[in-house]
Amino acid sequence: MTKKKKAKLAHEQELISESEYAIECENLVKIYKTDQIEVVALQGLDLQIKKGELVAIVGTSGSGKSTLLNMLGGLDKPSAGSLTVNGRNLLKFTEEDYMIYKRNTVGFVWQNNARNLVPYLTAVQNVELPMLLQGQKQRREKALELLEAVGLSNRINSRLDQMSGGEQQRVAIAISLANDPAILLADEPTGSVDTKTSDQLLGVFKDINKNRGVTVVIVTHDLRLAKQIDRVISIRDGRTSSEIIKKSHAEIMSETKGWDGAEEEQEVSEELVVLDRTGRMQIPKEYLEALEIKGGSKVKADLDLENERIYIHKAQ
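Residues numbered from 1 in each chain as written. Predicted model: local features only at pLDDT ≥ 70, side-chain atom pairs only at ≥ 80, totals over all residues. Heavy atoms only, no water.

## Digging into the pairing of strand β8 (residues 215-219)
- In terms of residue burial, β8 counts as a mostly covered element, since five of its five residues are buried.
- Judged by which residues are buried, β8 turns out to be covered on both faces: T215, V217 and V219 on one side and V216 and I218 on the other are all buried.
- Here strand β7 (residues 183-187) runs beside β8; their pairing, made up of five bridges, is parallel. Paired with D187 across the strands is V219, a residue of β8.
- With respect to chirality, the unit in which β7 leads through helix α7 (residues 195-212) into the neighbouring parallel β8 is right-handed. (Buried < 20%, exposed > 50% of the residue type's maximum accessible area, 1.4 Å probe, protein only. Helix = DSSP H or I, 4+ residues; strand = E, 2+ residues; numbered from the N terminus. Pairing = 2+ DSSP bridges. Right-handed = clockwise from strand over helix to strand, strands pointing away.)

Okay, structure coming up:
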């Protein structure tokens, strides 16, 4: 390794250690272009995820959540804005930087098992494969340890056609951990399994997050699954629009009405609008429609500040 590359690596490691965030997006834009059409998949997305967090990202089809995950995984390149992972801005990456990034920083779990597994190999051989390609030593020992971590120590010699969908997905999770990633990305990892298996897979992700300190980002359309995760980020129209904050009934009542403890405590959810660093805020479309406010570059609305609350009204 040359002195220049060593200096660059040392600087990058310094950035990684200084940043408290695993992922930072600021005004992130992704545009897909063809000869006749231009599609804006992300249009100014703002997002921050701290190191060691377990986060679910939800949104309807076409909201931009899978586009975001592909860019975080180094599978697609941002068009504009800032996308910083562990202190490094991916917009400045060279092709070599991307190759190293995908090899050393992130692990990826797909919904489609065919993209994760080689069907004619056993579970342990599948987990060994990425380590073999990178020339790692003690591959079998590490593969067995990872399969045990996902609860498959009894299936190490089973092939793909001998395992259930949930077991196959656990092998895929073990494969994603083979490079000791700082960040684990999962795209609809429970989309093809039943509810019971979905809960078991979420338990595996939680164990990895807690016991290995890996930052885990799960993209899902399954709101039932998302409710079991502490931090849920909603993306609408290519922007981070809100966060679903889980609170107890007692907490919300005490904040709003001075709860006296007489009511039974239960878990409920509260949706919070997200502001970026400059104070910009995206208001959900259904709220604007209810106020009969049409979005646009020159739309005006009345604002009132009263008792630490901001009220938005249709401009007169």
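On we go.
## Remarks on helix α2 (residues 65-72)
- With six of eight residues buried, α2 lies mostly within the body of the structure.
- Taken residue by residue, α2 has K65, T67, L68, L69, M71 and L72 as its buried positions.
- The positive-phi residue at the C-terminal boundary of α2 is G74, with phi of around 75°.

## Some words on the side chain of Q169
- Within the secondary structure, Q169 sits in helix α6 (residues 165-176).
- At 3.1 Å, the side chain of Q169 and the backbone oxygen of W110 are in polar contact. (Polar contact = N/O pair within 3.5 Å; in protein donor to acceptor, adjacent residues only side chain to side chain.)

## Digging into the environment of R88
- Turning to its location among the elements, R88 is positioned in strand β5 (residues 88-89).
- For the pair R88 and Y101, spaced 13 residues apart in sequence, the C-alpha separation works out to 10.0 Å.

## Focus: the sheet that holds strand β4 (residues 80-85)
- Judged by pairing direction, the sheet is antiparallel, and its four strands sit side by side in the order β2-β1-β4-β5 without closing on themselves. Whereas interior strands pair on both sides, the edge strands pair on one side only; in this sheet they are β2 (38-50) and β5.
- When strand β1 (residues 21-33) meets β4, the two strands line up antiparallel, connected through five bridges. Across the sheet, the residue bridging to V29 is A80, located in β4.

## A closer look at the pattern of salt bridges
- Scanning all chains against the criterion turns up twelve salt bridges.
- As a salt-bridge pair, R140 and E128 come within 3.0 Å of each other at their nearest N and O atoms. Of this pair, R140 sits in helix α5 (residues 139-149) while E128 sits in helix α4 (residues 123-133); the two residues are twelve residues apart in sequence, bridging distant segments of the chain.
- The exposure class assigned to E128 is buried, which follows from its relative accessible area of 14%.
- The shortest N-O distance in the salt bridge between R224 and D199 comes to 3.0 Å. Here R224 is found in helix α8 (residues 223-226), whereas its partner D199 is found in helix α7, with 25 residues between them in sequence. (Salt bridge = Lys/Arg side-chain N within 4 Å of Asp/Glu carboxyl O.)

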